[in-house]
Amino acid sequence: GESVGLHLPTLSVQEGDNSIINCAYSNSASDYFIWYKQESGKGPQFIIDIRSNMDKRQGQRVTVLLNKTVKHLSLQIAATQPGDSAVYFCAENIGTGANNLFFGTGTRLTVIP
Amino acid sequence: ETGVTQSPTHLIKTRGQQVTLRCSSQSGHNTVSWYQQALGQGPQFIFQYYREEENGRGNFPPRFSGLQFPNYSSELNVNALELDDSALYLCASSLEHGNIQYFGAGTRLSVL
């Protein structure tokens, strides 16, 4: 059976479709946010970041949207590929000066070929 | 690859023992942070070292300690191991604190 702690939110998309992964952050004082991708057996891999003075930032095939009013962050992946299958984490820096990142639970993205 | 290397990749210890994990930061990075990642959860911040000094600590007991060396590599030491210390331990380096953190592949610690 499943172990406690493995009940990650999951998202399944067809290859070629767009994916949207959502994240609610906890602290209104957070000033910096990062999305990481973690594949099985690997450490988190930086995808894209955004500072609190921005609402949107685009990278290669990815876009991050920040809504400070409702403390919500989203990661949009265009034309999702099988290699995008992984667990995605949003992380916030609560601005204590130590740059300690607070990670969410993560979302498991599965791309169906 | 991020250029952050951790050793060993896997480790098995028994309860009460002590362990040392090692991390080499990416070239030019002077800040190293350590995280603990339990199965199915996000990483939790343990502490950060900036230019050989501790620069912030998460909610971990004193038996978790660390060092940073002049070449900016770092060690994480855990004394009196407990079963709940079983986890993936991640090291991340950054160019000055406040910048993007790049992670190593981690050390998988199992405490029996």
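The coordinates are above.
This write-up is about the structure you can find in this document. (Residues numbered from 1 in each chain as written. Chains lettered and ligands numbered in written order. Predicted model: local features only at pLDDT ≥ 70, side-chain atom pairs only at ≥ 80, totals over all residues. Heavy atoms only, no water.)

Some remarks on the environment of B:C23
Residues and elements named next belong to chain B.
Point 1. Along the chain, C23 falls in strand β3 (residues 19–24).
Point 2. Note on C23: relative accessible area 2%, which makes it buried.
Point 3. Through-space distance from the C-alpha of C23 to that of W34 is 9.2 Å; in sequence the pair is 11 residues apart.
Point 4. Other than its neighbours up to four places away in sequence, C23 contacts V4, T5, Q6, V32, W34, S73, S74 and C91. (Helix = DSSP H or I, 4+ residues; strand = E, 2+ residues; numbered from the N terminus. Buried < 20%, exposed > 50% of the residue type's maximum accessible area, 1.4 Å probe, protein only. Contact = heavy atoms within 4.5 Å.)

A word on the packing of aromatic side chains
Point 1. The full count for this structure, using the stated rule, is 12 aromatic pairs over all chains.
Point 2. Where B:F47 meets B:Y49, the ring centres are 5.4 Å apart and the plane angle is 85°; that geometry is what we call edge-to-face.
Point 3. A relative accessible area of 0% means that B:F47 is categorised as buried.
Point 4. Of the residues examined, B:Y49 reaches a relative accessible area of 7% and is grouped as buried.
Point 5. Put simply, the rings of A:Y36, A:F46, A:F89, A:F103, B:Y35, B:F45, B:Y102 and B:F103 pair up and form one aromatic cluster.
Point 6. Over the aromatic face of A:Y32 sits the side chain of A:R51, whose NZ or CZ is 4.2 Å from the ring centroid. (Phe/Tyr/Trp six-rings, centres within 6.5 Å; stacked < 30°, edge-to-face > 60°. Lys NZ or Arg CZ within 6 Å of the ring centre and 35° of its normal.)

Regarding the nonpolar core
As a rule of thumb, soluble globular proteins bury nonpolar side chains together.
Point 1. Ranked by size, the top nonpolar core spans 20 residues in total, and within it B:W34, B:I46, B:F64, B:L76 and B:Y89 carry the most contacts.
Point 2. If you list the elements that add at least two residues to this core, you get β3, β4 (31–37), β5 (44–50), β8 (74–78), β9 (87–94) and β11 (107–111) of chain B.
Point 3. The next biggest cluster of nonpolar side chains, apart from the first, holds 19 residues, and it includes A:C23, A:W35, A:I48 and A:V111. (Core = buried A, V, L, I, M, F, W, Y, C linked by side-chain atoms within 4.5 Å.)

Some points on the state of the cysteines
Residue and element names in this part refer to chain A.
Point 1. Within the structure shown, the criterion is met by two disulfides over all chains.
Point 2. Paired by a disulfide, C23 and C90 hold their sulfur atoms 1.6 Å apart. Of this pair, C23 sits in strand β2 (residues 19–24) while C90 sits in strand β8 (residues 86–93); the two residues are 67 residues apart in sequence, bridging distant segments of the chain. Comparing C23 with C90 shows no difference in burial state: the two are buried. (Disulfide = S-S within 2.5 Å.)

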